[in-house]
Amino acid sequence: MAAAAGPASSVKETLPPALGSTSQPPTVFDGTTRLYICYFCPFAQRAWVTMNFKGLQDKIKLVAIDLQDKPAWYKEKVYPQGTVPSLEHNNEIRGESLDLIKYIDSNFDGPSLLPEDAEKRQFADELIGYANAFTKALYAPLMAHAEVSDEVVAALDKLEVALSKFSDGPFFLGQFSLVDIAYVTILERVQIYYSHLRNYEITKGRPNLEKFIEEMNKIDAYTQTKNDPLFLLDLAKNHLKIA
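In this text, all values refer to a predicted model and were calculated from it rather than measured experimentally.

Novice: Please set out the overall build of the protein chain residue by residue, giving values where relevant.
Specialist: Summing up its helical and strand segments, the protein chain has 9 helices and 4 strands in all. Along the protein chain, helices and strands appear, N-terminal first, in the series β-α-β-α-β-β-α-α-α-α-α-α-α. Expected size for 243 residues packed as a compact globule is a radius of gyration near 18 Å; at 18 Å, the protein chain falls within 12% of this value. Each of the three principal axes of the protein chain carries a C-alpha extent, and together these read 50 × 45 × 30 Å. Relative to its 243 residues, the protein chain shows a buried fraction of 52%. The contacts of the protein chain with a sequence gap of at least 6 include a subset with a gap of at least 24, amounting to 73%. As presented, the protein chain carries roughly 11500 Å² of accessible surface, and 50% of it is formed by carbon and sulfur atoms.

Dropping the structure here:
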């Protein structure tokens, strides 16, 4: 049975405006837990979805950063790497999205997003460990203005096979987990990019992947974080310098 939306689904977020170069910084380490994100960044979106699913909207304050007009104070006072997401919690700043989603899951209340089952836990570690390589494989031809590569096909086929390992649901571990969060924000974008820029449908011939995306779009914690597809496409075109 597919996982339903998390208990956070009834909590509608009021999104703060993104902070740019003329904005004032928050008072760091004042006891407030803050998640610094960018509304259109797929990596920040991972942490945002995790926060939503666990019902932490009242426990963690969203701080949106305008990456196109990034405030200098973010790198100077908050997170020296200057990237999003980052989490301010217990007088420390943590970053790197795949580490953060595990941290949020382990250190805050709400439904657990990793199973107790040892086999599923091991598979979760393997898939989360592969997420960066998957992202690189899918983005590389776009960045190089190249056609769909064998690496793209192999990476997508790997996910299709992975989605068939457990039969108790349509997600990577059967039931919804951090693994799904690790991949869906990337898939959300590459599905759009490859369809419009390469005339290639990533779900064609991959029924498990198609079902996965369909079921993810029933989860409020995720859909509340999605951007308009044409907005994402325009961002990609600008970044790739495509007319």
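Novice: I'd like to hear about the environment of Pro-80, residue by residue, with values.
Specialist: Among the secondary structure elements, Pro-80 is positioned in the loop between α2 (72-78) and β3 (86-89). Residue classification places Pro-80 among the exposed positions, given a relative accessible area of 54%. Along the backbone, Pro-80 and Gly-95 are 15 residues apart, and their C-alpha atoms lie at a distance of 10.0 Å.

Novice: An account of the UniProt feature "domain: GST N-terminal" (unreviewed entry) in the protein chain is needed here, citing residue identities and associated values.
Specialist: As annotated by UniProt and renumbered to match this structure, "domain: GST N-terminal" (unreviewed entry) occupies residues 31-112. Across residues 31-112, the secondary structure splits into 37% helix and 20% strand, with the terminal C-alpha atoms separated by 24 Å.

Novice: Please set out helix α5 (residues 150-162) residue by residue, giving values where relevant.
Specialist: With 13 residues, α5 should cover 18 Å at 1.5 Å per step; its first-to-last C-alpha distance of 18 Å lies within 8% of that length. Where α5 is buried, its residues contact α4 (118-143), α6 (178-197) and α7 (207-216).

Novice: Residues and numbers for the packing of helix α1 (residues 42-53) against helix α3 (residues 97-107), please.
Specialist: The interhelical angle for the contact between α1 and α3, taken along N-to-C directions, is 5°, at an axis separation of 9 Å. When the axes of α1 and α3 are compared, the pair comes out roughly parallel. In contact with Phe-43, Arg-46, Ala-47 and Thr-50 of α1, α3 contributes Ser-97, Leu-98, Ile-101 and Ile-104. Of the residues contributing to the contact of α1 with α3, the split by class is 5 nonpolar, 2 polar and 1 charged.

Novice: Give me the nonpolar core: which residues, what numbers.
Specialist: If you look at the biggest cluster of nonpolar residues, it comprises 54 residues, and the most contacted ones within it are Phe-134, Leu-138, Leu-156, Phe-172, Tyr-183, Leu-187 and Phe-212. Secondary structure elements with two or more residues in this core: α1, α3, α4, α5, α6, α7, α8 (220-223) and α9 (229-240). At 13 residues, α6 tops the list of elements feeding residues into this core. Ignoring any residue separated from it by four or fewer positions in sequence, one finds Phe-134 in contact with Ala-155, Leu-156, Leu-159, Tyr-183, Ile-186 and Leu-187. By size, the runner-up hydrophobic cluster in this structure holds 27 residues, among which are Cys-41, Ala-44, Trp-48 and Ala-64.

Reading guide: rules and limits
- Residues numbered from 1 in each chain as written.
- Predicted model: local features only at pLDDT ≥ 70, side-chain atom pairs only at ≥ 80, totals over all residues.
- Heavy atoms only, no water.
- Helix = DSSP H or I, 4+ residues; strand = E, 2+ residues; numbered from the N terminus.
- Rg over C-alpha atoms; globule rule 2.2 N^0.38 Å.
- Buried < 20%, exposed > 50% of the residue type's maximum accessible area, 1.4 Å probe, protein only.
- Contact = heavy atoms within 4.5 Å.
- Areas by Shrake-Rupley, 256 points an atom, 1.4 Å probe, with all protein chains shown as cover.
- UniProt positions renumbered as here; feature names shortened; annotations may be inferred.
- Expected span 1.5 Å × (residues − 1).
- Axes fitted to C-alpha atoms, helices over the stretch in contact; angles between N-to-C directions.
- Parallel < 35°, antiparallel > 145°, perpendicular 65-115°, else oblique.
- Nonpolar A, V, L, I, M, F, W, Y, C, P; charged D, E, K, R; others polar.
- Core = buried A, V, L, I, M, F, W, Y, C linked by side-chain atoms within 4.5 Å.

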